[in-house]
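Single-letter residue listing:
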Amino acid sequence: MCLQRRENVVIEGTLQWGPQGGILMAQLSEHDYTDVRIVDVEVPASIAHEQAVRRWWEGRLRGISGQDPMGGRFTPPAAITRLYEQGPVSRCAAHARAAFESSLTAAITQVTLIHIDRRLGAEPLVSRRVDGKLVEGR
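Since the model is a prediction, treat every value here as computed from it, not as a measurement.

A.B. asks: Just to check I follow, could you spell out the pattern of salt bridges for this structure?
C.D. replies: One side chain can pair with another of opposite charge once the charged atoms of both are near each other. A complete count under the given rule lists three salt bridges for this structure. We note a salt bridge from E7 to R5, for which the minimum N-O separation is 3.6 Å. Residue E7 is classed as partly exposed on the basis of its relative accessible area, which comes to 29%. When its relative accessible area of 52% is taken as the criterion, R5 is described as exposed.

A.B. asks: For this particular structure, what's the right way to read the packing of aromatic side chains?
C.D. replies: Working definition: an aromatic ring pair is given by the centre-to-centre distance plus the angle between the planes. Scanning the model with the defined rule gives two aromatic pairs in all. Ring centres of W56 and W57 lie 4.9 Å apart, and the angle between their planes is 50 degrees; on these two criteria the pair is classed as tilted. Since its relative accessible area comes to 22%, W56 is described here as partly exposed. Taken together, a centroid distance of 5.1 Å and an interplanar angle of 70 degrees make the contact between W56 and F74 edge-to-face. On the criterion of sequence distance, the pair formed by W56 in helix α2 (residues 45–64) and F74 in the loop between α2 and α3 (77–83) is long-range, its members being 18 residues apart. The rings of W56, W57 and F74 are connected pair by pair, giving a single aromatic cluster. For R129, the ring lying beneath its charged end belongs to F100, and the centroid distance is 5.1 Å.

A.B. asks: What am I meant to see in the nonpolar core here?
C.D. replies: Generally speaking, nonpolar side chains in soluble globular proteins are found buried as a group. Ranked by size, the top nonpolar core spans 14 residues in total, and within it M25, L28, V36, I38, I108 and V111 carry the most contacts. Elements with a minimum of two residues in this core: α1 (19–30), β1 (35–42), α4 (91–101) and β2 (110–117). Residues in contact with M25, not counting those within four places in the same chain, are V36, I38, A99, L104, T105 and I108.

A.B. asks: What exactly am I supposed to notice about the side chain of Q51 here?
C.D. replies: On the secondary structure map, Q51 appears in helix α2. On the basis of relative accessible area, Q51 is assigned to the buried category, the value being 17%. Among all residues touching Q51, those that are not within four sequence positions of it are V43 and R118.

A.B. asks: So what exactly am I meant to see when it comes to unusual backbone geometry here?
C.D. replies: Most of the time, phi is negative for any residue but glycine, and the peptide bond is trans. With phi around 55 degrees, R6 is a residue other than glycine that occupies positive phi space. If you trace the backbone, R6 turns up in the segment before α1. Even without being glycine, D32 reaches a positive phi, approximately 60 degrees. Tracing the chain through its elements places D32 in the loop between α1 and β1.

A.B. asks: Any chance you could explain the confidence of the model for the protein chain here in plain terms?
C.D. replies: If pLDDT is low for a region, its predicted coordinates should not be looked at in detail. Here the protein chain averages 90 in pLDDT, while 99% of its residues score no lower than 70. Taken element by element, the protein chain is modelled with least confidence in strand β4 (residues 133–135), mean pLDDT 90, and with most confidence in α3, mean pLDDT 95.

A.B. asks: It is not clear to me how the sheet that holds β4 should be interpreted in this structure. Could you clarify?
C.D. replies: Read across the open sheet, the four strands follow the order β1-β2-β3-β4; overall the sheet is mixed. Bordering the open sheet on either side are β1 and β4, each of which pairs with just one other strand. Taken pair by pair, the neighbouring strands of this sheet meet at an average axis angle of 20 degrees, ignoring direction. By the bridge criterion, eight bridges tie β1 to β2 in an arrangement that is parallel. By the bridge assignment, D35 is partnered in β2 with Q110.

Rules and cut-offs
Residues numbered from 1 in each chain as written. Predicted model: local features only at pLDDT ≥ 70, side-chain atom pairs only at ≥ 80, totals over all residues. Heavy atoms only, no water. Salt bridge = Lys/Arg side-chain N within 4 Å of Asp/Glu carboxyl O. Buried < 20%, exposed > 50% of the residue type's maximum accessible area, 1.4 Å probe, protein only. Phe/Tyr/Trp six-rings, centres within 6.5 Å; stacked < 30°, edge-to-face > 60°. Helix = DSSP H or I, 4+ residues; strand = E, 2+ residues; numbered from the N terminus. Lys NZ or Arg CZ within 6 Å of the ring centre and 35° of its normal. Core = buried A, V, L, I, M, F, W, Y, C linked by side-chain atoms within 4.5 Å. Contact = heavy atoms within 4.5 Å. pLDDT = per-residue confidence, 0-100. Pairing = 2+ DSSP bridges. Axes fitted to C-alpha atoms, helices over the stretch in contact; angles between N-to-C directions.

Below you can see the structure in the form of structure tokens.
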């Protein structure tokens with residue numbers, strides 16, 4: 001419904017499934033979105049595991065204390081490990097890049113990929129397509 005109304009939306013997801021990025025680009029294009037930003041935040045697998053356990057325990061403690069009726073969301077370690085089977089960078093990063101490079105983005109006026117690599121502590125890398133063409137600069 002939000003896309004039909006062309007509301008500003010944030011779509012949270014890991015893009016662990018390859019086709020998901022293209023599906024999202026097609027849906028946004030179909031609803032005449034003109035400015036899409038894909039944010040890819042990379043961490044080492046060890047940090048991803050630590051963060052998942054911390055989110056689960058903190059949520060669980062909030063649930064026990066009555067602050068959060070849902071409690072924590074458990075993520076199996078194997079689900080995280082699978083994301084890093086190809087090396088130190090998750091497959092989510094490859095899928096984010098593929099969504100950005102997809103021909104489906106040509107119908108969207110501006111698509112920006114913001115890659116934040118917390119492994120390196122470097123400044124975010126920003127890539128931008130305007131009218132389907134890759135443009136230089138920020």
